Amino acid sequence: MSTRLFKLADSPLFVAEGIFAAEIVGECRRRGLLAGAYALRRPRSATFLRRLARDLAEQRKGPRVLVRRGVALLRAEPAVLRRQTGLGAEAARGRDVLRRVARLLAGHPPVR
């Protein structure tokens, strides 16, 4: 695993997203930087279809490989979500996360 230092300067918050974002939840909480940590809980079939459409459009691999890979990721998704919540992220739907972030940007405290 590699690390990269970044400075927040005067920014009141930052957003870390992606499959590995949950890795920094504990340290951000320890430093008092955590306003919220969310792991998106989406319908697995919708995620599968969006990923497949994106990958087919990019044409980096053949369709058979992409479908096989997509099915493997579909099956692994519950374990990924469990790992992220185990690291301190809260499982939430996308629209709920957007509402919470909007409240933070408006200067309101997070709602739990």
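Scoring rules and cut-offs
Residues numbered from 1 in each chain as written. Predicted model: local features only at pLDDT ≥ 70, side-chain atom pairs only at ≥ 80, totals over all residues. Heavy atoms only, no water. Helix = DSSP H or I, 4+ residues; strand = E, 2+ residues; numbered from the N terminus. Expected span 1.5 Å × (residues − 1). 1 Å grid on protein atoms, 1.4 Å probe; cavity = no way out; pocket = protein on both sides within 12 Å on 5 of 7 lines; lining within 4 Å. Points joined across faces, edges and corners; volume = space filled by probe spheres on them. Nonpolar A, V, L, I, M, F, W, Y, C, P; charged D, E, K, R; others polar. Buried < 20%, exposed > 50% of the residue type's maximum accessible area, 1.4 Å probe, protein only. Contact = heavy atoms within 4.5 Å. Polar contact = N/O pair within 3.5 Å; in protein donor to acceptor, adjacent residues only side chain to side chain.

### Remarks on helix α4 (residues 94–105)
- The terminal C-alpha atoms of α4 lie 16 Å apart, and with 12 residues this matches the ideal 16 Å at 1.5 Å per residue to within 8%.
- Positive backbone phi, at 90°, marks G107, one or two positions downstream of α4.

### Quick look at the layout of surface pockets
- Here the largest pocket is characterised by a volume of approximately 1,400 Å³.
- As for the largest pocket, its lining consists of 42 residues, and the residues nearest its centre are E17, G18, Y38, A39 and L40.
- Element by element, the count of residues in the lining of the largest pocket is highest for helix α3 (residues 63–86), at 6 residues.
- Per-class residue counts for the lining of the largest pocket are 28 nonpolar, 6 polar and 8 charged.
- In this structure, the second largest pocket occupies an estimated 740 Å³ of space.
- Lining the second largest pocket are 20 residues, and of these R4, L5, F6, F14 and I24 sit closest to its centre.

### Concerning the environment of L33
- Along the chain, the position of L33 falls in the loop between α1 (25–30) and β1 (38–40).
- For L33, a relative accessible area of 42% corresponds to the partly exposed category.
- Taking the C-alpha atoms as reference points, L33 and F14, 19 residues apart in sequence, are found 9.0 Å from one another.
- Residues contacting L33, with those up to four places away along its chain left out, are L8 and C28.

### Things to note about the side chain of D55
- For D55, the location among the structural elements is in helix α2 (residues 44–58).
- Looking at D55, the relative accessible area reads 9%, which means it is buried.
- Of the polar contacts made by the side chain of D55, one reaches the side chain of R54; its length is 2.9 Å.
- A polar contact is formed between the side chain of D55 and the side chain of R69, at a distance of 3.0 Å.
- Not counting the four nearest positions on each side in its chain, D55 is found in contact with R60, L66 and R69.

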